[in-house]
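Inside the fold
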Amino acid sequence: MTAATAFRVVGACPFLVGMFVDALGNGLYVPLTLLFIHEVTGLPMTTVGLGVTMAAIVGLAANPVAGVC
């Protein structure tokens, strides 16, 4: 048995593909959401960025509380 086959894990390839698709989706979500909100509301990008940043901070702060419930 070679070292390459000894460390092969069943299902690793589909898992890595799924992680790539998820990372691609998350990577496209933020900038496109900022542009969408800017175009729909007409707010300046600084205001949109501040709003999304505040939403992220509230979401991060709510995680421990939501995890307890």
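The sections below set out a description of the structure shown in this document. No experiment lies behind these values; they were computed from the predicted model shown. Every residue gets a number counted from 1 within its own chain, in the order that chain's sequence is written. Only residues with pLDDT of at least 70 get local features here, since the model is predicted, and only at 80 or more are side-chain atom pairs given and counted; chain-wide, interface and lining totals rely on the full set of residues. The side-chain quantities take in all heavy atoms of the structure and omit both hydrogens and water.

Looking at the packing of helix α2 (residues 12–41) against helix α3 (residues 45–68)
The axes used here are C-alpha line fits, helices contributing only the stretch in contact, and every angle between their N-to-C directions lies in the interval 0 to 180 degrees. Numbering goes from the N terminus for both helices and strands, where a helix is a DSSP run of H or I of at least four residues and a strand is a run of E of at least two. The contact between α2 and α3 brings their axes to 10 Å, and the two run at 125°. For the element pair α2 / α3, the angle class is oblique. Crossing angle aside, the handedness with which α2 passes α3 is right-handed. Across the interface between the two elements, L34, L35, I37 and H38 from α2 touch M45, V48, G49 and V52 from α3. Across the contact of α2 with α3, the residue classes tally to six nonpolar, two polar and no charged. By definition in this entry, angles of less than 35 degrees are roughly parallel, angles greater than 145 are roughly antiparallel, angles of 65 to 115 are roughly perpendicular, and the rest are oblique. Note on convention: near helix rotated counterclockwise from far helix by under a right angle means a left-handed crossing. Clockwise means right-handed. Any two residues whose heavy atoms approach within 4.5 Å at even a single point are treated as in contact. Only Asp, Glu, Lys and Arg are considered charged in this grouping, and only Ala, Val, Leu, Ile, Met, Phe, Trp, Tyr, Cys and Pro are considered nonpolar; every other residue, Gly among them, is considered polar.

With respect to α2
Over its 30 residues, α2 extends 43 Å from the first C-alpha to the last, a length consistent with the 44 Å expected when each residue adds 1.5 Å. The largest bend in α2 is about 25°, located at Y29, with the proline P31 one to four residues further on. One or two residues past the end of α2 sits G42, with phi positive at roughly 80°. In this scheme, a helix's expected span is set at 1.5 Å multiplied by one less than its residue total. The angle between axes fitted to the seven residues ending at a residue and the seven residues starting there is what we call the bend at that residue.

Points about a nonpolar patch on the surface
Residues V17, F20, V21, L24, L28, L32, L35 and M45 make up a contiguous nonpolar surface patch of about 770 Å² in total accessible area. It is α2 that contributes the most residues to the nonpolar patch, seven residues altogether. Looking at the element boundaries, L28 is found in helix α2. The residues that make up patches have over 30% relative accessible area and no salt bridge, and they are joined within 9 Å when like-charged or within 5 Å when they are Val, Leu, Ile, Met, Phe, Trp or Tyr. Method for areas: the Shrake-Rupley scheme with a 1.4 Å probe, in which residue coverage is limited to the protein chains shown. Salt bridges, as used here, are contacts in which a Lys or Arg side-chain nitrogen is within 4 Å of a carboxyl oxygen on Asp or Glu.

Regarding the environment of T33
Within the secondary structure, T33 is located in helix α2. Between the alpha carbons of T33 and V48 there is a distance of 9.5 Å; along the sequence they are 15 residues apart. In this structure the side chain of T33 is engaged in a polar contact, spanning 2.6 Å, whose partner is the backbone oxygen of Y29. Counted as a polar contact is a pair of N or O atoms within 3.5 Å, where, for protein atoms, one must be capable of donating a hydrogen and the other of accepting one, and residues adjacent in sequence contribute only when both atoms are in side chains.

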